[in-house]
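A structural walkthrough
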Amino acid sequence: MIGLISATAAGAAARDRLAAAWPERVRVYEGPVGEAVRAAFAECEQLVCFLATGAVVRLLAPLLGDKAADPGVVCVDEGGRFAVSLVGGHGGGANELAREVGEVLGAEPVVTTATDAVGLPGLDTLGLPYEGSVAVVSRALLDGEPVALEAEVAWPLPPLPVAPEGPYTIRLTDRAVAPGEREVLLRPPSLVVGVGASKGAPAEEVLALVEAALREAGLSPKSVAELATVDAKAEEPGIVAAAERLGVPLVTYSAEELAGVAVPNPSDAPLAAVGTPSVAEAAALVRGGELLVPKRKSAGQPAMATCAVVRRPGRGRLAVVGLGPGARDLLTPRATAELRRASVLVGLDQYVDQIRDLLRPGTRVLESGLGAEEERARTAVAEAREGQAVALIGSGDAGVYAMASPALAEASDDIDVVGVPGVTAALAAGAILGAPLGHDHVSISLSDLHTPWEVIERRVRAAAEADLVVTFYNPRSRGRDWQLPKALAILAGHREPETPVGVVRNASRPDESSRVTTLAGLDPATVDMMTVVTVGNTATRQIAGRMVTPRGYRWQASQEGAK
């Protein structure tokens, strides 16, 4: 929850705007400011104070304890011009909160955390548990001192200015070791603990077994990604409670899946009980990896639990990112976060130019020109297979006539793939035109580079017969000037000449242009590859210059009845 505190009428007005934008996220604190700050600090994860920073500093000073546990605090000035990350920039999430508040209020986010100011990822913001001298090693990175990265376990990280060796170290490890004086340990979630248990096995026995197995193998509990078991034990109280106490998810597999996993220590007992000769080892190994701790039993008499520990190989990460139609304010926050997370960016050169300023220093950029979609997809997948954090970019939504489909056709289950949606050209154009997509609609690309014209024509004819609103992508180029007239002629066989048609070029970009014409009045020669053409259905109308398709046909019937 985010606590909101204000003292003046102007502050209250800005506070209320934020409260209206985030009704489920915030709580307004009224009354004397000092009491409000103290109450919010005790009850909330974050605070936004519409007060002077000096006043907030004085109020917070006696409340501050541990920066890893204190709430993040953002100050907004009286004029609503700046959102200042004051306390807990990383640990309390104040840096990101300042950016979010700025977006809502139109304020400039002010972030003074050193790593954020120069574009370096904070070592405490990588999403991995960490130990050691974060401040010391971060300062060395900022000062350009040589900092070595020792990756005992491969794991995708954002770009870091590391050296082959140096007096400071970032060590990526799942081993139970103590950090050195000039060292930060990053704990990747690389360990999977398979568990089996008899009915009624106490949580203490299961937990003690897991902790002993990790300790004796020299492994860190902070690197445990999950507990795994058979479906039949999904609600076994002792296993469920052990997962909760370790703070990891419980993942289950069917007995049939586990029976197909080759293990070194099968047994007849689990085969008779749950239908697989192995639970602990098979559940840990089912997705591959190195068996570090073979099956062992708990110390109870009789033993009521078993466990095994596997180190899964580090998996590369491929984020397929939609950049939207072009305007920066239509690039989603999630897309921005993925761009800043990537150590490798793959994309069309003109799209890379749009977002180059968002990349962290050191991001490796692999760009290419038009017509190399399959090559870019192969490159992105290959980089992810090397253990990199990769962002593959496309315009609009990457899954709509863009890079997601060729990339996913190349990818297998040996990498993690994340899709990041974007605003499509059809949606951007529709918002400019009015509401042309208010009823059922379809998007059709008129480019026959990847699809035979016979197939395209059949789809246009089906859309015409079904009375669907049609958005045409790639409608016309210098080498393809006959497809759009042909498609319009097919639609004209099923719709009146006065059917509204919207034409939007460079939607959301500085040179955007748009107009609403008719099916009979559209000149295909005025259309190019940067244009989206939206043809209404039989219910679509022009209202006050806007193109509107009602959600139902009763509106159309009432309009005709009034004539």
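Above this text is the structure in question.
Now for a description of the structure that goes with this document. (Residues numbered from 1 in each chain as written. Predicted model: local features only at pLDDT ≥ 70, side-chain atom pairs only at ≥ 80, totals over all residues. Heavy atoms only, no water.)

Given a rise of 1.5 Å per residue, 14 residues ought to cover 20 Å, and the 20 Å separating the end C-alpha atoms of helix α7 (residues 203-216) matches this to within 8%. All of the buried residues in α7 are Ala203, Glu205, Val206, Leu207, Leu209, Val210, Ala212, Ala213 and Leu214. Buried positions along α7 lie against β11 (191-197), β12 (224-230), α8 (237-246), β14 (290-297) and β15 (305-311). Residue Gly218 follows α7 closely and has a positive phi angle near 70°. (Helix = DSSP H or I, 4+ residues; strand = E, 2+ residues; numbered from the N terminus. Expected span 1.5 Å × (residues − 1). Buried < 20%, exposed > 50% of the residue type's maximum accessible area, 1.4 Å probe, protein only. Contact = heavy atoms within 4.5 Å.)

It is worth spelling out the packing of helix α17 (residues 453-465) against helix α18 (residues 483-492) at this point. When two helices pack together, their arrangement is given by the angle between their axes and by how far apart the axes lie. Between α17 and α18, the least distance of the axes is 9 Å, while the angle of their chain directions is 30°. As judged from the angle between their axes, α17 and α18 are roughly parallel. Crossing geometry of α17 relative to α18 is assigned as right-handed. Across from Trp453, Glu457, Val460, Arg461 and Ala464 in α17, the residues of α18 making contact are Gln483, Lys486, Ala487, Ile490 and Leu491. The residue inventory of the contact of α17 with α18, partitioned by class, reads 6 nonpolar, 1 polar and 3 charged. (Axes fitted to C-alpha atoms, helices over the stretch in contact; angles between N-to-C directions. Parallel < 35°, antiparallel > 145°, perpendicular 65-115°, else oblique. Left-handed = near helix turned anticlockwise from the far one by under 90°. Nonpolar A, V, L, I, M, F, W, Y, C, P; charged D, E, K, R; others polar.)

Here the focus is the packing of helix α1 (residues 9-21) against helix α4 (residues 94-105). At a closest axis distance of 10 Å, the pairing of α1 and α4 adopts a crossing angle of 100°. Our classification of the angle between α1 and α4 gives roughly perpendicular. The segment α1 lies against α4, with Ala14, Arg17, Leu18 and Ala21 engaging Val101, Val104 and Leu105. Its residues assigned to classes, the contact of α1 with α4 shows 6 nonpolar, no polar and 1 charged.

Turning our attention to the environment of Arg495. Locating Arg495 in the fold gives a position in the loop between α18 and β24 (500-505). Sequence separation between Arg495 and Ser395 is 100 residues, and the spatial gap between their C-alpha atoms is 32 Å. With residues near it in sequence (within four places) discarded, Arg495 still touches Ala463, Ala464, Asp467, Leu468, Val469, Val470, Leu519, Val535, Gly536, Asn537 and Thr538. A polar atom in the side chain of Arg495 sits 3.2 Å from the backbone oxygen of Ala463. A distance of 2.7 Å separates a polar side-chain atom of Arg495 from the backbone oxygen of Leu468. (Polar contact = N/O pair within 3.5 Å; in protein donor to acceptor, adjacent residues only side chain to side chain.)

So, about the pattern of salt bridges. Taken as a whole and assessed by the stated rule, the structure comprises 28 salt bridges. Linking Glu43 and Arg27 is a salt bridge whose minimum nitrogen-to-oxygen distance equals 3.3 Å. Here Glu43 is found in helix α2 (residues 33-43), whereas its partner Arg27 is found in strand β2 (residues 26-29), with 16 residues between them in sequence. Take Arg27: its relative accessible area is 36%, and that puts it in the partly exposed class. Each of the salt bridges in this network shares a partner with another, and the network as a whole consists of Glu152, Arg171, Arg175 and Glu183. (Salt bridge = Lys/Arg side-chain N within 4 Å of Asp/Glu carboxyl O.)

Right, let's talk about α2 for a bit. Residues of α2 that are buried: Gly34, Ala36, Val37, Ala40 and Phe41. For α2, the angular spread of the buried residues around the axis is 160°, confining them to a single face. Structurally, α2 contributes buried residues whose contacts are with β1 (2-6), β2, β3 (46-50) and α3 (53-60). (Arc of directions from axis to C-beta.)

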